[in-house]
Amino acid sequence: MKKYLTSVLNILLLLVAVTYGFAQEKGNLLIKGGTVLTVTKGTLEKTDVLIRNGIITQIGKDLSASAGVRVIDAAGKFVMPGIIDAHSHAALDAINEATSPVTAEVFTGDVLNPFQVGLYRALGGGVTSIHAMHGSANAIGGECETIKLRYGVKDADALRMEGAPRTIKFALGENPTRVHGGANNIVPRTRMGVEFVIREAFSKAKAYGEAWDTYNKSKTQKGFRGAPPAYSHRLETLSDILKGNIIIHCHSYRADEIYMLLKVCTDFGIKKLVFQHVNEGFKVAPELAKFGAMASVFADWWAYKFEVYYSTAYNAAILTKNGVVTSINSDDGELMRHLYHEAGKTQKYGGLTDDEALSLITINPAKQLGIENRVGSLEVGKEADVAIFQGHPLSTYAIPVITVVDGIVRFDREKDPDDVRIYVDPKEPLDASVIHSTNDYVDNCMQQAESNYNNLFELK
Amino acid sequence: MTAVNIFIKLRVAAATIFALITLQLYAQSPKAKFGTFALTHATIQTVTKGTIEDGTVIIADGKITALGKDVAVPQGAEIIDCSGKWIYPGMIDGGTHLGLSEVGSDPRTRDFNEVGDVIPQLKALSAINPNSVLIPVTRVSGVTTVIATPEGDLMPGTAALINLHGYTPDQMFAGFEGVVLVFPNTGRKGFLDRRTPEEIRKATDKALSKLNESWDLAVQYHKLDSASKSTKYYPEMQALLPVIRGERTLIIEANTSKDILAVLKWVADRKVKKVILTGVAEGWRVAAEIAKAGIPVIAGPVLAEPTRDYDRYDKAYANPGLLKKAGVTVALRTTQAENVRNLPYNAAFAAAYGLGKDEALRSVTIVPAEMFGVADKLGSIEVGKNATLFVSDGDPFETKTNILHVFIGGWEMPMTSRQTELYQEFLQRDPGVTKK
């Protein structure tokens, strides 16, 4: 009997797998009478939001929708832009290509997994877009993918936020020095080494780009006989950074290493730079502001490793008040579900206003990912990614009740089924539980790199 | 204006300047202050005896000596006007590594995980670092008292309740110690645990026989000890004696529903007298059984993911409420070291997802105080109790609220920590981008 059930399940799964996902699905909705927190254009009481074909077409009073369009009664509720997480490793089947200090040739978009239940749980926290990042094992890691939480689709491609700018992960400090210098005895073992690795990579990329430019210019000339330079995907990507086609998102903690990368980028003419974690960003806030670099931080994480021991939960407030575009990210499947609460902490630690605090999880991360013209605020013409809360989202008692992506309701607390799995592992025992553990120190950014490291030292 | 007046003014000015300079010099390490205080015109949330509007709390000799609407302010008391402010009892976290861990990733600063599986004689209290930078960061949030707990396999040591002020562990000790038992766990320990179900079963079976062996030995030891009073040096048995005799609490960590049921049976079979269950992540699955056994729980962290992929997304938030509804006594914990300050927010989430605000407040004040047998000193605002309380400008479970004063055992705490000091120094850094 059990065997029979398993095979039926497998057939069903196969059917599901071959069915094309809802890649292009866009919805129509009318959200009536809520308190609309636009984030960029103030707060509008008892206001309607009309969504047509996945786009916000009207925000105002007494709006009506055509017949058949679902109307959500948001009276007494708060309507805000869908939350954007600028630092996540969700939806990924691999995080770290921890085999070289420079791995610009890899791309997290190649390992998207639409079946992770964590994506639905994030929707349950009002999140609609995430930056699915490479890990922090390498000084220069891989390219990252910006996705929308269209949980329910079976096609990995349907998660992509088409047209979002390219981004790449960099990492400074303890992680790359531990993995490469510490475990493999290759550069970098120190923060000096990290700087050198990055400068060398950029220098090679510059020469590579120039060689191709020269070749492309001369190849059309009459009588040209030369061969093209050798193609390198790694250098091609790095060269695109130098050309301003890719935004750097750099894992960093200490003020000195942050300052170092500002100088390196200045030297190479790189302008698109976002620091991730950046726990000591507050110490060089004026320099960050002057450069125009942005910062994506934790609300209050600290002391989990030595390089974050001299941190303060006032980081986001100091950065904001110094004019640095700042966001609050999760880097964690648990934290991702309550970023609205994390944003609220900046009111305790530094007294940010409601709009400032909400910006940290909406329009600011959108700016950091280069998607601020499409999402991150409730404005006519923007994509209809919306989170509806019972209670003000900056209150700790707030409960996200409906989350909308492209006008499609992807989470509805009232209709929430217990079991939301799309893929069921037939080999997993029914009562298998994963228990939160505090004993083992876990650095999410270091997944896979950590196990390689442990293998090398036989630490296990 | 007379010359004398001008002279006095000058003297006052000079004294002010001197005071400011002195303040500047000592700003790095302000001290706590002991004395007589009158907190006046406050809304007092007593927790046990309702709310008093426009009330006064008198603190003297470390205790709450008077409380109410018509309370005389004693001569020489420092008056703190709390108009528009609230007074709450200090919050109690039922499970942390505070004082036992400084930098999470650095084993040299982790003192909660000793080698060995049956080592109840190891005392968390001895390893508490009273000067941990994490402690002031925690107490300015209104969390005044925590369980510092060892962690590991089976019996990793004896946990201690500490107040977050003092220069020696003894000054911090808050009157409760309990032996920790990490019950053989059939769940996976985090996402990095890739053991097969078979491997897990083998490990738990082995651990369970070790546990039973140790327990039987302890019972034997108890009988011998009671008969002859001249047993050999056997420290782990000595540490288990008070547990066997029902004089000391056994704090049992169990999380999967299967393990919780196994604990209930184990406790009943062995007639263990004083028991607290901790963790209970899947407590909601077997809440009625826990209630029937009459064992109180310390649940948490509340801000956690569900334990199974097919569980509802908010189960960890809802767990304390579901337990309470079934009749279980519920306290909360964070399991944190550096972020024990988030205890009020764990309580808020529990409140919003079913526990309710009043019960959530009780779960971080009077309920744990009663569980640890220290309700005569902590957990509520009552005359005769320790003056361990805080003043806030609103609901302490909201992130918008500021904690303004914290008292621990009658000591007024400096409202600074390294995190606030860094804020003061760097909000407007000088020099800025260019050095003068």
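Predicted model only: the values in this text are computed from it and were never measured. (Residues numbered from 1 in each chain as written. Chains lettered and ligands numbered in written order. Predicted model: local features only at pLDDT ≥ 70, side-chain atom pairs only at ≥ 80, totals over all residues.)

Asks: Would you explain the overall build of chain B in this entry?
Replies: The helix and strand inventory of chain B stands at 13 helices and 18 strands. A compact globule built from 436 residues should have a C-alpha radius of gyration of about 22 Å, and chain B, at 24 Å, falls within 12% of that. Taking the principal axes of the C-alpha coordinates as reference, chain B spans close to 90 × 60 × 50 Å. Looking at chain B as a whole, 50% of its 436 residues are labelled buried. Across chain B, the fraction of contacts at a sequence separation of at least 24, relative to all contacts at a separation of at least 6, is 70%. (Helix = DSSP H or I, 4+ residues; strand = E, 2+ residues; numbered from the N terminus. Rg over C-alpha atoms; globule rule 2.2 N^0.38 Å. Buried ≥ 20, exposed ≤ 12 C-beta atoms within 10 Å, placed from the backbone. Contact = placed C-beta atoms within 7 Å.)

Asks: I tried to follow the overall build of chain A on my own but got confused; where do I start?
Replies: The helix and strand inventory of chain A stands at 12 helices and 17 strands. In chain A, 72% of the contacts between residues at least 6 apart in sequence involve partners at least 24 apart.

Asks: I'm lost on the confidence of the model for chain B in this one. Help?
Replies: Caution applies to low-pLDDT regions: their predicted coordinates should not be interpreted in detail. All names here are of chain B. Chain-level pLDDT for chain B is 93 on average; 93% of the residues reach the 70-or-more range. When the criterion is pLDDT under 50, residues 19–27 qualifies, and its contacts beyond four places in sequence or with other chains add up to zero contacts. This prediction of the complex comes with two scores: 0.93 for pTM and 0.93 for ipTM. (pLDDT = per-residue confidence, 0-100.)

Asks: Where do I start with the sheet that holds strand 8 (residues 140–148) of chain A in this structure?
Replies: Two pairing modes exist for strands in a sheet, parallel and antiparallel, and in both the strands are linked by backbone hydrogen bonds. Residues and elements named next belong to chain A. Taken in spatial order, the eight strands of this open sheet run 6-7-8-9-10-11-12-13, and their pairing is mixed. This sheet does not close on itself; its edge strands, each paired only once, are strand 6 (83–88) and strand 13 (326–328). On average, adjacent strands in this sheet sit at an angle of 25° to one another, irrespective of strand direction. For strand 9 (residues 166–171) and strand 10 (residues 246–252), the ladder comprises six bridges, and the chain directions are parallel. Within strand 10, the position partnered with Ile168 by the bridge is Ile248. With respect to the sheet, helix 5 (residues 233–242) is in contact with strand 8, strand 9 and strand 10, its orientation differing from that of strand 10 by roughly 100°. (Pairing = 2+ DSSP bridges. Axes fitted to C-alpha atoms, helices over the stretch in contact; angles between N-to-C directions.)

Asks: Explain the pairing of strand 14 (residues 386–390) of chain A here, please?
Replies: For a regular strand, side chains alternate in direction, first toward one face of the sheet and then toward the other. Residues and elements named next belong to chain A. Within strand 14, four of the five residues are buried, leaving the element largely enclosed by the surrounding structure. Where strand 5 (residues 78–81) meets strand 14, four bridges bridge the pair, whose relative direction is antiparallel. Following the sheet pairing, Val79 is matched in strand 14 by Ile388.

Asks: Whenever I open this one, the environment of Asp93(A) confuses me. Can you help?
Replies: All names here are of chain A. Position of Asp93 among the secondary structure elements: in the loop between strand 6 and helix 2 (117–123). Taking the C-beta count within 10 Å as the criterion, Asp93 has 12 such neighbours and is therefore assigned exposed. Sequence-wise, Asp93 and Asp110 are 17 residues apart; in three dimensions their C-alpha atoms are separated by 9.2 Å. Every residue in contact with Asp93, bar those within four places of it in the chain, is listed here: Val111 and Asn113.

Asks: How should the packing of helix 4 (residues 191–219) of chain A against helix 6 (residues 255–267) of chain A be read in this particular structure?
Replies: Angle between the axes and distance between the axes are the two parameters that describe a pair of packed helices. All names here are of chain A. At their nearest, the axes of helix 4 and helix 6 sit 11 Å apart, and the two run at 20° to each other. In terms of their interaxial angle, helix 4 and helix 6 are classed as roughly parallel. Seen from above, helix 4 lies across helix 6 with right-handed handedness. Residue-level inspection shows Arg191, Val194, Glu195, Ile198 and Arg199 of helix 4 in contact with helix 6, the latter providing Asp256, Glu257, Met260 and Val264. Considering only residue class, the contact of helix 4 with helix 6 consists of four nonpolar, no polar and five charged. (Parallel < 35°, antiparallel > 145°, perpendicular 65-115°, else oblique. Left-handed = near helix turned anticlockwise from the far one by under 90°. Nonpolar A, V, L, I, M, F, W, Y, C, P; charged D, E, K, R; others polar.)

Asks: I tried to follow the packing of helix 4 of chain A against helix 5 of chain A on my own but got confused; where do I start?
Replies: All names here are of chain A. At a minimum axis distance of 8 Å, the contact between helix 4 and helix 5 shows a crossing angle of 90°. Judged by the inter-axis angle, helix 4 sits roughly perpendicular to helix 5. Seen from helix 4, the contacting residues are Ala201, Phe202, Lys204, Ala205, Lys206, Tyr208 and Gly209; seen from helix 5, they are Leu235, Leu238, Ser239 and Leu242.

Asks: What's the story with the sheet that holds strand 14 (residues 297–299) of chain B in this structure? I'm lost.
Replies: Residue and element names in this part refer to chain B. Reading across the sheet, the eight strands line up as 7-8-9-10-12-13-14-15 and stay open at both edges, with mixed pairing between neighbours. In this open sheet, the two strands that pair with only one neighbour each are strand 7 (91–96) and strand 15 (330–332). For this sheet the average axis-to-axis angle between neighbouring strands, irrespective of direction, equals 25°.

Asks: What's the story with the interface of chain A and chain B in this structure? I'm lost.
Replies: At the interface, 52 residues of chain A touch 55 residues of chain B. When residues of the side of chain A that touches chain B are traced back to their parent elements, those giving at least two are helix 2, helix 7 (285–291), helix 8 (315–321), helix 9 (339–348) and strand 17 (434–435) of chain A. Ranked by the residues each element gives to the side of chain A that touches chain B, the list is headed by helix 9 of chain A, at five residues. Here the residues of the side of chain A that touches chain B are counted per class, giving 22 nonpolar, 14 polar and 16 charged. Note that strand 17 of chain A and strand 11 (residues 188–189) of chain B share two bridges and pair parallel. Note on strand 11 of chain B: the bridge partner recorded for Ile435(A) is Lys189(B).

Asks: Explain the confidence of the model for chain A here, please?
Replies: This prediction gives chain A a mean pLDDT of 92; 90% of its residues lie at or above 70. Within the model, the stretch residues 452–460 of chain A combines pLDDT values under 50 with eight contacts to residues more than four positions away or in other chains.

Asks: Explanation requested: the pairing of strand 6 (residues 86–89) of chain B in the structure shown.
Replies: All names here are of chain B. Here two bridges tie strand 2 (residues 37–45) to strand 6, and the two strands are oriented parallel to one another. Its bridge partner lying in strand 6, Ile44 is registered against Ile87. As paired strands, strand 6 and strand 16 (residues 389–392) are joined by four bridges and run antiparallel to one another. Each bridged residue has a counterpart across the sheet, and for Trp86 the counterpart in strand 16 is Ser392.

Asks: I'm lost on the domain arrangement of chain B in this one. Help?
Replies: Many structure descriptions define interface size as the accessible area lost when the parts assemble. All names here are of chain B. What the domain assignment lists for chain B is domain 1 (31–90 + 380–436) and domain 2 (91–378). Just the C-alpha atoms count here: the centres of domain 1 and domain 2 sit 29 Å apart. At the interface, 25 residues of domain 1 touch 25 residues of domain 2. Of all the secondary structure elements, the ones that give two or more residues to the side of domain 1 that touches domain 2 are strand 6, strand 16, strand 17 (403–408) and helix 13 (418–426). Tallying contributions element by element places strand 17 first for the side of domain 1 that touches domain 2, with three residues. Along the lines of polarity and charge, the residues of the side of domain 1 that touches domain 2 split into 13 nonpolar, 10 polar and two charged. (Domains from an automatic or database assignment.)

Asks: Help me out: how do you make sense of helix 3 (residues 174–184) of chain A in this one?
Replies: The periodicity of an α-helix, 3.6 residues per turn, causes residues three or four places apart in sequence to face the same way. Those residues of helix 3 of chain A not exposed but buried are Glu174(A), Asn175(A), Pro176(A), Thr177(A), Val179(A) and His180(A). Positive phi shows up at Asn185(A), right after helix 3 of chain A, with a value of about 55°.

Asks: For this particular structure, what's the right way to read helix 13 of chain B?
Replies: Listing the buried residues of helix 13 of chain B in full gives Gln419(B), Leu422(B), Tyr423(B) and Phe426(B). Axial view of helix 13 of chain B: buried residues confined to an arc of 105°, hence all on one face. (Arc of directions from axis to C-beta.)

Asks: Explain the environment of Asp259(B) here, please?
Replies: Residue and element names in this part refer to chain B. Within the fold, Asp259 resides in helix 7 (residues 257–269). A residue is classified by how many C-beta atoms lie within 10 Å of it, and Asp259, with 26 of them, is buried. Between the C-alpha atom of Asp259 and that of Gly283, which follows or precedes it by 24 residues, the distance is 10.0 Å. If near-sequence neighbours (up to four positions away) are discounted, Asp259 is found in contact with Phe183, Asn185, Thr186 and Ala254.

Asks: Whenever I open this one, unusual backbone geometry confuses me. Can you help?
Replies: All names here are of chain B. At the junction of Gly300 and Pro301, the peptide bond is cis and its omega measures out at 5° in the coordinates. Considering the arrangement of structural elements, one finds Pro301 in the loop between strand 14 and helix 9 (315–325). Cis rather than trans, the peptide bond between Asp430 and Pro431 has omega equal to 5°. With respect to the secondary-structure elements, Pro431 resides in the segment after helix 13. One non-glycine residue, Asp61, lies in the positive phi region at around 50°. Mapping Asp61 onto the fold places it in the loop between strand 3 (51–60) and strand 4 (63–68). For Val280, which is not a glycine, the phi torsion comes out positive at approximately 40°. Following the sequence through the fold, Val280 ends up in the loop between strand 13 (275–279) and helix 8 (287–293).

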